[in-house]
Amino acid sequence: MSATEKHDFQAEVSQVLDIVIHSLYTDREIFVRELISNASDALEKMRHIQLTEADVLSPELALEIQLSADEEAHTLTITDRGLGMTREELHENLGTIAHSGSKAFLRNLEEAAKSESTLIGQFGVGFYSAFMVANEVTVSTRSWKPGSESLVWTSDGKTGYEITPSDEELPRGTRITLKLREECVEFAKTDRIRRIIESYSSFIPFPVLLGEERVNKVEAIWRKRKSEITEEEYTEFYKFTAKAFDAPRYHMHFNADSPIELNALLFVPTENTELWGMGQMEPGVSLYCKNVLIDDKPMGLLPDWLRFLRGVIDSADIPLNISRESMQDSALVRKLNRVVTKRFLKFLDGEAQSGPDQYKEFYAKFSRFLKEGIVTDFDHRVGLAKLLRFESSMGDAGGMIGFDDYLLRAKEGQETIYYLLGPDRATVEAAPHLEAMKARGIEVLFLTDSVDEYLLQALHEFEGKKLVSAASPGIDLPDDETSEKAGETLSEEAMTSLCDFFQSEFSDRLEKVTPGKRLISSPAAACPPEHGMTAHMRQMMQAMNPSEALPPLKAELELNPRHALVHALATAREQNPDLARLAAEQLLDQALLAAGLLEDRVGLVNRGYRLIEAALSQGETSKK
Ligand code: ADP
Ligand code: MG
């Protein structure tokens, strides 16, 4: 038998402990919930092991959680008959953390600890909350595996921990004893502990016993009728099922008999933890069959992009012995998936209509999931597209509209939904093509999220109306009064000659040059060729494969026949061809720059200096 082992905590664990102990002064009581939740997880796993493994230590033990508080000794003990831990598991589970190495993770934990300490459990470090109240924690444990050791893990939560073989033979499961700090002895009072369990742990699906008394109720509220459940009960259940401390952002509860017998209670959390640097969430809607948990993280029950949902789906039609592997192949599960996803999309659409402000907050945190769904899930693309929101040329900054609103206020006969892609509102608003749209009263959606470009790869239309970039070369807009007012048009002949000049001078950089009817105050506008890559995509390609040069970018250029600069350029070609060539190239580069397509900025700057010099010396000459 091995003797005492001493170990230092992994560096990140020490940091977590430091944050937990020093930044959390309020809500210390949450440690009770964290430890009960771990005990409940251990029992849940044990229940599963008993179904799948033949040889299990003490299969007769009741799956319960027992708490006892000792006011004299200043201790609190939490015991479960769950799966227990082996020596390796003790090291792995209580000496290291899964998100190690992520600086963002620690920073976010620290932030959360300062503002909302109750979120700590969501960071997967709940166990360490014991050290908020205890200066010594002892974990006595024995794994379910036949022949396992009885072990004792102890730590003061400072430098490290110790593992020793236990003097006595332990029953299966885990007993955690907290030696409470002086200022935390309140947690050795039975009444205090009872109140904490009642407020945080009442939905634990195993009996929670405090001394002789059972404290929690076990209730499948998802199988009750909506009218029988209060908001508080929903929130309480959410906190239990999502291991969350905040209130849910939305909840959707529905019962159906056809096409499938089904009770679903789904929650949208307040926070999107993927934005905290915690990596991909695991699916969080548990699958039950008539109150019996089948799987708490069922893959394939709902589409991947709905992994932010929490809650329960209960169907009497699901076979109890369905395995993880066969889940995705089951026609029944696929049906559940379709029915619930559709209902949820309809629900969100309703919320978006009835509570646009709240929906906007949801959207700010969760829109990435909807967009991911559009790209990856063809079946629900239409329902998802309805839920998208964008800023627009006709709204103020921050104002968001959907495709439905866009079409509702579009001009009669407008068969197209126009958009402009860009890194932010300011850049998009400066795009030369926007002014032509504005002048004609045509609304343009601003797609400024960095994933919007990928979105467009999957989404080409909405309700039969094509999505078209306002910067795309193909758009033919009728001339209107504004464009007539904008200035004298250069003759068609002169324009053709100027376009040909650009084309032949810069043939390696230009695909096509045309007179731009749509331009008003800009002399020129560039856009990627109709089927070419956008600037952002080129950057991505280059980043993925830095050693390989991309084929040169060839753009399409529009010249504004009414613009004074274009007139002057036509004249300069005859009088001062060298200067004209210089100015033409500068015009091209600036148009590319405005469109985010310029890849070599050095030329632009140097030529700029030469042009300034030329302009100033001309001034000199004319003064003389
Ligand atoms: P989380 O519960 O989010 O995984 P915790 O810090 O609460 O994070 O717990 C860390 C790990 O320690 C758990 O994942 C589990 O493997 C192990 N553990 C904690 N408490 C128990 C227990 N009572 N029985 C068995 N394993 C436990
Ligand atoms: Mg935990």
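The structure this text deals with has already been given above.
Definitions and limits used
- Residues numbered from 1 in each chain as written.
- Chains lettered and ligands numbered in written order.
- Predicted model: local features only at pLDDT ≥ 70, side-chain atom pairs only at ≥ 80, totals over all residues.
- Heavy atoms only, no water.
- Near = heavy atom within 4 Å.
- Polar contact = N/O pair within 3.5 Å; in protein donor to acceptor, adjacent residues only side chain to side chain.
- Areas by Shrake-Rupley, 256 points an atom, 1.4 Å probe, with all protein chains shown as cover.
- Nonpolar A, V, L, I, M, F, W, Y, C, P; charged D, E, K, R; others polar.
- Pairing = 2+ DSSP bridges.
- Helix = DSSP H or I, 4+ residues; strand = E, 2+ residues; numbered from the N terminus.
- Phe/Tyr/Trp six-rings, centres within 6.5 Å; stacked < 30°, edge-to-face > 60°.
- Buried < 20%, exposed > 50% of the residue type's maximum accessible area, 1.4 Å probe, protein only.
- Lys NZ or Arg CZ within 6 Å of the ring centre and 35° of its normal.
- 1 Å grid on protein atoms, 1.4 Å probe; cavity = no way out; pocket = protein on both sides within 12 Å on 5 of 7 lines; lining within 4 Å.
- Points joined across faces, edges and corners; volume = space filled by probe spheres on them.
- Patch = residues over 30% accessible without salt bridge, like charges linked within 9 Å, V, L, I, M, F, W, Y side chains within 5 Å.
- Salt bridge = Lys/Arg side-chain N within 4 Å of Asp/Glu carboxyl O.
- Contact = heavy atoms within 4.5 Å.
- Axes fitted to C-alpha atoms, helices over the stretch in contact; angles between N-to-C directions.
- Parallel < 35°, antiparallel > 145°, perpendicular 65-115°, else oblique.
- Left-handed = near helix turned anticlockwise from the far one by under 90°.
- Core = buried A, V, L, I, M, F, W, Y, C linked by side-chain atoms within 4.5 Å.
- Arc of directions from axis to C-beta.

**Student:** Quick rundown of the site of ligand 1? Include the residues and the values.
**Tutor:** Surrounding ligand 1, one finds Asn-38, Ala-42, Asp-80, Leu-83, Met-85, Asn-93, Leu-94, Gly-124, Val-125, Gly-126, Phe-127 and Thr-174. Contact between ligand 1 and Asp-80: a nitrogen atom at 2.9 Å from a side-chain N or O atom of the residue. Considering ligand 1 on its own, with 530 Å² of exposed area, one finds that the protein chains cover 80% of that surface. Here the shell around ligand 1 is composed, by residue class, of 6 nonpolar, 5 polar and 1 charged.

**Student:** Can you lay out the sheet that holds strand E2 (residues 65–70) for me, pointing to particular residues and giving the numbers?
**Tutor:** In spatial order, the strands read E1-E6-E5-E4-E7-E3-E2-E8-E9; together these 9 strands make up an open sheet with mixed pairing. A single partner strand is all that each edge strand has here, and the edge strands are strand E1 (5–8) and strand E9 (213–214). Alignment of strand E4 (residues 134–142) against strand E7 (residues 173–180), held across 8 bridges, turns out to be antiparallel. If you follow Val-139 over to E7, its bridge partner there is Ile-176.

**Student:** Kindly report on the packing of aromatic side chains, identifying the contributing residues and their values.
**Tutor:** Here the structure, examined in full by the defined rule, presents 25 aromatic pairs. Here Phe-390 and Phe-403 contribute two aromatic rings whose centre-to-centre distance is 5.5 Å and whose plane-to-plane angle is 50 degrees, an arrangement assigned as tilted. In this pair, Phe-390 sits in the loop between helix H10 (381–385) and strand E15 (391–392) while Phe-403 sits in helix H11 (residues 403–409), placing the two residues 13 residues apart along the sequence. Neither residue differs from the other here; Phe-390 and Phe-403 are each classed as buried. A centroid spacing of 5.9 Å and a plane angle of 80 degrees characterise the contact between Phe-501 and Phe-502, whose relative ring orientation is edge-to-face. Here the aromatic cluster, defined as three or more aromatic residues joined through ring pairs, consists of Tyr-250, Phe-308, Phe-344, Phe-347, Tyr-359, Phe-362, Tyr-363, Phe-366 and Phe-369. The ring centre of Phe-254 lies 4.1 Å from the NZ or CZ of Arg-343, which sits over that ring.

**Student:** Account for empty space enclosed by the protein, with residues named and values stated.
**Tutor:** As enumerated under the stated definition, the model contains 1 cavity of 30 Å³ or more in all. Empty space within the largest cavity amounts to approximately 40 Å³. Looking at the largest cavity, the residues that line it are Phe-390, Phe-403, Tyr-419, Leu-447, Leu-455, Leu-456, Leu-459 and Leu-467.

**Student:** Quick rundown of the side chain of Arg-562? Include the residues and the values.
**Tutor:** As for its position among the elements, Arg-562 is in the loop between strand E22 (555–559) and helix H18 (564–575). Classification of Arg-562 by relative accessible area gives buried; the value is 9%. Polar side-chain contacts of Arg-562 include one of 3.0 Å to the backbone oxygen of Leu-519.

**Student:** Give me unusual backbone geometry: which residues, what numbers.
**Tutor:** That bond from Ser-258 to Pro-259 is cis: its omega, 5 degrees, falls within 30 degrees of zero. Along the polypeptide, Pro-259 turns up in the loop between strand E10 (250–256) and strand E11 (262–268). Look at His-74: it is not a glycine, yet its phi comes out positive at around 60 degrees. Mapped onto the fold, His-74 is located in the loop between E2 and strand E3 (75–80). For His-74, a relative accessible area of 25% puts it in the partly exposed group.

**Student:** Summarise a nonpolar patch on the surface; cite the residues concerned and give the values.
**Tutor:** Judged by side-chain polarity, Val-375, Tyr-454, Met-540, Met-541 and Met-544 come together as a nonpolar surface patch covering roughly 450 Å² of accessible area. Looking at the nonpolar patch, the element that brings in the most residues is helix H17 (residues 535–544), giving 3 residues. Residue position: Met-541 is located in helix H17.

**Student:** Give a description of the sheet that holds strand E18 (residues 461–462) that names residues and reports values.
**Tutor:** Pairing within the open sheet is mixed, and its 5 strands lie in the order E15-E17-E16-E19-E18. The open sheet terminates on both sides in strands that have one partner only, identified here as E15 and E18. Note that E15 and strand E17 (residues 444–447) share 2 bridges and pair antiparallel. Within the sheet, the bridge partner assigned to Glu-391 lies in E17 and is Phe-446.

**Student:** I'd like a description of the environment of Phe-267, backed by residues and values.
**Tutor:** By secondary structure assignment, the location of Phe-267 is in strand E11. The exposure class assigned to Phe-267 is buried, which follows from its relative accessible area of 0%. When the C-alpha atoms of Phe-267 and Glu-53 are compared, they prove to be 33 Å apart, with 214 residues separating the residues in sequence. The residues touching Phe-267, leaving out its near neighbours within four places in the chain, are Tyr-234, Phe-237, Tyr-238, Thr-241, Pro-248, Tyr-250, His-251, Phe-308, Leu-309, Arg-310 and Gly-311.

**Student:** Describe the pattern of salt bridges, with residues and values.
**Tutor:** Enumeration over the complete set of coordinates arrives at 34 salt bridges. Among the ionic pairs, Arg-142 bridges to Glu-169, the shortest N-O distance being 3.8 Å. Here Arg-142 is found in strand E4, whereas its partner Glu-169 is found in the loop between strand E6 (160–165) and E7, with 27 residues between them in sequence. Salt-bridge contacts for Lys-386 lead to Asp-404; the nearest nitrogen and oxygen are separated by 3.2 Å. On the criterion of sequence distance, the pair formed by Lys-386 in the loop between H10 and E15 and Asp-404 in helix H11 is long-range, its members being 18 residues apart. Where salt bridges share partners, they join Glu-505, Arg-509, Arg-581, Glu-585, Asp-589 and Arg-607 into one cluster.

**Student:** Lay out the packing of helix H2 (residues 30–52) against helix H5 (residues 190–200) with the relevant residues and their values.
**Tutor:** Two numbers describe how H2 lies on H5: the axes approach to 9 Å, and their chain directions differ by 65 degrees. Classed by the angle they form, the pair H2 and H5 counts as roughly perpendicular. The chirality of how H2 crosses H5 is right-handed. Within the contact between the two elements, H2 uses Val-32, Arg-33 and Ile-36 and H5 uses Ile-193, Ile-196, Ile-197 and Tyr-200. When the residues that make up the contact of H2 with H5 are grouped by side-chain class, the tally is 6 nonpolar, no polar and 1 charged.

**Student:** Go over the nonpolar core with me, naming the residues and quoting the values.
**Tutor:** With 82 residues, the main nonpolar core has Leu-67, Phe-127, Val-137, Trp-153 and Leu-178 as its most contacted residues. Element by element, the count of residues in this core is highest for H2, at 10 residues. With 70 residues, the next largest nonpolar core counts Met-281, Leu-306, Ala-352 and Phe-403 among its residues.

**Student:** Go over H5 with me, naming the residues and quoting the values.
**Tutor:** Among the residues making up H5, those that are buried are Arg-192, Ile-193, Ile-196, Ile-197 and Tyr-200. Looking straight down H5, one finds its buried side chains confined to an arc of 135 degrees; they lie on one side. Close packing links the buried residues of H5 with H2, E2, E3 and strand E8 (208–210).

All we've got here are geometric facts, nothing functional implied.
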